[in-house]
Amino acid sequence: MHQRDIERFAFLYLCGKRDRDILLGKEKMTFSDLDRLNYLTDFLGLKVYNLEIWNEYAGQFGEQFQRLERLYNEDISATPGALEETDEHPYDRWIQEFCRQVPERKSRKWLEQFLEQKYKEKGMAVPGETDIV
């Protein structure tokens, strides 16, 4: 079994039904889904699967990437530093939702401990136990 297959299997085992349906092609991937799933796979350290998702889906969002780039350039030129001050991404919420969707309680507990370790490795504040799930 290749690393890609191991990472894909692990993520599909842990993720909720909707994400599984998206990644198996049963439901359409949206731009926000791509952003969220890429963040989650990267945060979990699934680098090979993260790249696979990017390569498979990013091409269909060229227009959205161009719009985002134009918006970013406009905001930066108008008010330098403005994006850093107001840029609130739902990363912690995505991680919390991902944990809540893990189908099996024992796997969910393992994931909570794994994520706590990841937060520490990345030098990030570990959300309280009630915040993760």
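A.B. asks: Explain the environment of Q60 residue by residue, including any values.
C.D. replies: Within the fold, Q60 resides in the loop between α4 (47-57) and α5 (62-78). When the C-alpha positions of Q60 and M29 are compared, they lie 9.4 Å apart, and in sequence the two are 31 residues distant.

A.B. asks: Go over the nonpolar core, please, and point to the residues and values.
C.D. replies: Residues F11, L23, M29, F98 and L111 are the most contacted members of the largest nonpolar core, which totals 27 residues. The set of elements that each furnish at least two residues to this core consists of α1 (3-14), α2 (17-23), α3 (31-43), α4, α7 (91-101) and α8 (105-121). With five residues, α3 is the largest single contributor of residues to this core. Setting aside its immediate chain neighbours within four residues, M29 contacts I22, L23, L34, L37, I53, Y57, Q60 and F61.

A.B. asks: A description of the environment of D33 should follow, citing residues and the corresponding values.
C.D. replies: With respect to the element layout, D33 can be found in helix α3. Between the C-alpha atoms of D33 and D19, which are 14 residues apart in sequence, the distance is 8.3 Å. In contact with D33, other than residues within four places in its own chain, are R18, I22 and K28.

A.B. asks: Give me the lowdown on the pattern of salt bridges, citing residues and values where you can.
C.D. replies: In total, this model carries 14 salt bridges according to the counting rule given. Put simply, R36 and D19 hold a salt bridge, and the shortest N to O gap is 2.8 Å. One end of the pair, R36, is in helix α3; the other, D19, is in helix α2, and 17 residues separate them in sequence. Exposure remark for R36: the relative accessible area of 11% places this residue in the buried category. Note on D19: relative accessible area 4%, which makes it buried. Between R67 and E63 there is a salt bridge; the shortest N-O distance is 3.0 Å. Separated by four residues within a single helix, R67 and E63 lie in helix α5, roughly one turn from each other. On the accessibility criterion, R67 (44% relative accessible area) is partly exposed.

A.B. asks: Could you give me a rundown of the packing of α3 against α4, with the residues and numbers involved?
C.D. replies: Contact geometry of α3 with α4 gives a least axis separation of 8 Å together with a crossing angle of 165 degrees. Of the possible angle classes, the one that applies to α3 and α4 is roughly antiparallel. Helix-helix and strand crossings are classified by hand; for α3 and α4 the assignment is left-handed. On the side of α3, the interface is formed by L34, N38, T41 and D42, while α4 contributes K47, Y49, N50, I53, W54 and Y57. Looking at the contact of α3 with α4 residue by residue, the classes come out as five nonpolar, three polar and two charged.

Conventions used here
- Residues numbered from 1 in each chain as written.
- Predicted model: local features only at pLDDT ≥ 70, side-chain atom pairs only at ≥ 80, totals over all residues.
- Heavy atoms only, no water.
- Helix = DSSP H or I, 4+ residues; strand = E, 2+ residues; numbered from the N terminus.
- Core = buried A, V, L, I, M, F, W, Y, C linked by side-chain atoms within 4.5 Å.
- Buried < 20%, exposed > 50% of the residue type's maximum accessible area, 1.4 Å probe, protein only.
- Contact = heavy atoms within 4.5 Å.
- Salt bridge = Lys/Arg side-chain N within 4 Å of Asp/Glu carboxyl O.
- Axes fitted to C-alpha atoms, helices over the stretch in contact; angles between N-to-C directions.
- Parallel < 35°, antiparallel > 145°, perpendicular 65-115°, else oblique.
- Left-handed = near helix turned anticlockwise from the far one by under 90°.
- Nonpolar A, V, L, I, M, F, W, Y, C, P; charged D, E, K, R; others polar.

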